[in-house]
Amino acid sequence: MNKPLLAALSGLAIAGAGVVPAVAAPQAAPKAAAVTVDFAGTVSLSNCSGSVIRFPNSTDTSPALVLTNGHCLETGFPAAGQVITGQSSTRTFGLLNSAGTKVATLRANQVVYSTMTDTDVTIYRTTTTYAAIKSAYNISPLTVSATHPTAGTAIKVVSGYWKTIYSCNVDGFVYRLKEGSWTWKDSVRYTSACNTIGGTSGSPVIDTSTGQVVAVNNTGNEDGETCTVDNPCEVDENGTVTVREGINYAEETYNIPACFTSANVLALSASGCTLPKP
């Protein structure tokens, strides 16, 4: 996986006959203008990247949430099959502006949700609100799309830790992505230009046409090994295993909004919520 920075450093030592009437050629629909993607709303953790996120129905007075990876959880990697909810936390996050400059320190008071089963996410609740952040720093949260991403979409992976933005496209989707004891479902595969590294774990993956978060960066095959830690393998519906050395991946986030109320309260029993439950 695009593991936390310390682990990454310790490991050093993806024409017909006849006449036809002239007619005007149909015009293609204009392409949507790309949204400017910068560092505003992203955060740096002690060993990972992340972002301040909201859902389409979140209210401005709701407690601000921070999204990163399950494997970035400060208490260690959740075990396969483990789901953590409501765990106390005092984790801090460096809030970045559009230029990548740290303008504030946000603090968590709870791990709202964390797992490495089916997906690889941790969602923290902070001690402040979106409205307060906007008022003090003129920074808005990133919105998590409630729609499944599309192959070919232009994306940017924005690392708050490294203050680096990677640009590539969604190459496709992986039925099952296996790494060590963990299995993730319907993962995003990047084209090779997104050569993410340790410390980029938890970075938001942003659709450049909408500016919304469609996935969270989490792993890549570093050495060409098969299904080992730091060397995930792809498994299709028939059980065929494919290894793509140097290719990196992310976990989709479109299924998360259905699991939260407008006040950003976790509601795993809500209709349409498909996140793994404890």
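Residues numbered from 1 in each chain as written. Predicted model: local features only at pLDDT ≥ 70, side-chain atom pairs only at ≥ 80, totals over all residues. Heavy atoms only, no water.

1. Regarding the overall build of the protein chain
Convention followed: Elements are defined by DSSP. Helices are runs of H or I of four residues or more, strands are runs of E of two residues or more, and each kind is numbered from the N terminus. Exposure was quantified through the Shrake-Rupley algorithm and a 1.4 Å probe, taking into account, for residues, occlusion by the shown protein chains and nothing else.
Along the protein chain, the regular secondary structure elements total two helices and 16 strands. When the accessible surface of the protein chain is totalled, it reaches about 12,000 Å², and 53% of it is carbon and sulfur.

2. Focus: the packing of aromatic side chains
Our working rule: Aromatic pairs are defined between Phe, Tyr and Trp rings, using the six-membered ring for Trp, whenever the two ring centres lie within 6.5 Å; interplanar angles under 30 degrees are classed as stacked, those over 60 as edge-to-face, and all others as tilted. For every residue, the accessible area obtained with a 1.4 Å probe (protein chains only) is divided by the maximum for its type, and the residue is called buried under 20%, exposed over 50%, and partly exposed between those limits. We count a charge as sitting over a ring when the NZ of a lysine or the CZ of an arginine lies within 6 Å of the ring centre and within 35 degrees of the ring normal.
According to the stated counting rule, one finds four aromatic pairs in the structure shown. An angle of 35° between the planes, with centres 4.8 Å apart, marks the rings of phenylalanine 55 and phenylalanine 260 as tilted. With phenylalanine 55 in the loop between strand S2 (49-54) and strand S3 (63-68) and phenylalanine 260 in the segment after strand S16 (248-252), this residue pair connects regions lying 205 residues apart in the sequence. For the pair formed by phenylalanine 55 and phenylalanine 260, the shared burial category is buried. A cation over a ring is seen here: arginine 54 above tyrosine 130, with NZ or CZ 5.6 Å from the ring centre.

3. Quick notes on the pairing of S16
For clarity, the cut-off: When DSSP finds two or more bridges between two strands, those strands count as paired.
Counting buried positions over the five residues of S16 gives five, a clear majority of the element. In terms of strand pairing, strand S13 (residues 213-220) meets S16 through five bridges, oriented antiparallel. Bridge pairing in S16 places asparagine 217 opposite alanine 250.

4. So, the nonpolar core
Applicable threshold: What makes a nonpolar core is a set of buried Ala, Val, Leu, Ile, Met, Phe, Trp, Tyr and Cys residues whose side-chain atoms join them at distances within 4.5 Å. The contact criterion used is simple: two residues touch if any of their non-hydrogen atoms lie within 4.5 Å.
Core analysis: the biggest nonpolar cluster contains 43 residues, and Val52, Ile53, Leu65, Phe93, Leu95 and Phe260 have the highest contact counts within it. Elements supplying a minimum of two residues to this core: S2, S3, strand S4 (83-88), strand S5 (92-96), strand S6 (102-115), strand S7 (121-129), helix H2 (130-137) and S13. For this core, the leading source of residues is S6, giving six residues. Residues within four places of leucine 65 in sequence aside, it is in contact with Ser51, Val52, Ile53, Phe55, Val112, Ile123, Tyr124, Arg125, Tyr130, Phe260 and Asn264. Residues Cys168, Val205, Ala215 and Ala250 belong to the second largest nonpolar core, which totals 12 residues.

5. Comments concerning the confidence of the model for the protein chain
Heads up, the rule is: Each residue carries a pLDDT value, the predictor's own confidence for that position, ranging from 0 to 100.
With 89% of its residues at a pLDDT of 70 or more, the protein chain has an overall mean of 92. The weakest mean pLDDT in the protein chain belongs to helix H1 (residues 5-10) at 46; the strongest belongs to S3 at 99. Taken as a whole, residues 6-30 scores under 50 in pLDDT and shows 12 contacts with residues more than four places along the chain or in a different chain.

6. Some remarks on the state of the cysteines
Selection rule: Cysteine sulfur pairs qualify as disulfides if the two atoms are within 2.5 Å.
This model, assessed by the stated rule, comprises four disulfides. Between the sulfur atoms of cysteine 168 and its disulfide mate cysteine 194 the distance is 2.1 Å. The S-S bond linking cysteine 168 to cysteine 194 shows a torsion near -100°; that makes this disulfide left-handed. Residue cysteine 168 is found in strand S10 (residues 164-179), and its partner cysteine 194 is found in the loop between strand S11 (182-190) and strand S12 (204-207); the two are separated by 26 residues along the sequence. You can call cysteine 168 buried: its relative accessible area is 7%. Cysteine 194 sits in the buried class, given a relative accessible area of 0%.

7. Re unusual backbone geometry
In this structure, aspartate 118 is a non-glycine residue whose phi angle is positive, near 70°. Residue position: aspartate 118 is located in the loop between S6 and S7. Assessed through its relative accessible area of 25%, aspartate 118 is described here as partly exposed.

8. Points about the environment of alanine 108
Counting through the fold element by element, alanine 108 comes out in strand S6. On the basis of relative accessible area, alanine 108 is assigned to the buried category, the value being 2%. Note: C-alpha distance between alanine 108 and threonine 128 (20 residues apart in sequence) is 8.8 Å. Among all residues touching alanine 108, those that are not within four sequence positions of it are Ser89, Thr90, Arg91, Phe93, Tyr124, Arg125, Thr126 and Thr127.

9. Details of the pairing of S5
The buried fraction of S5 is high, at four of five residues. With five bridges joining them, S5 and S6 adopt antiparallel strand pairing. In the sheet register, glycine 94 faces S6, and the bridge partner there is threonine 105. Between S5 and S6, which pair antiparallel in sequence order, lie five residues; one of them, glycine 100, sits at a positive phi of approximately 90°.

10. A short note on the side chain of serine 44
Residue placement: serine 44 occurs in strand S1 (residues 42-44). When its relative accessible area of 17% is taken as the criterion, serine 44 is described as buried. Those residues within four positions of serine 44 in sequence are excluded, and the remaining contacts are Thr92, Phe93, Gly94, Gly160 and Tyr161.

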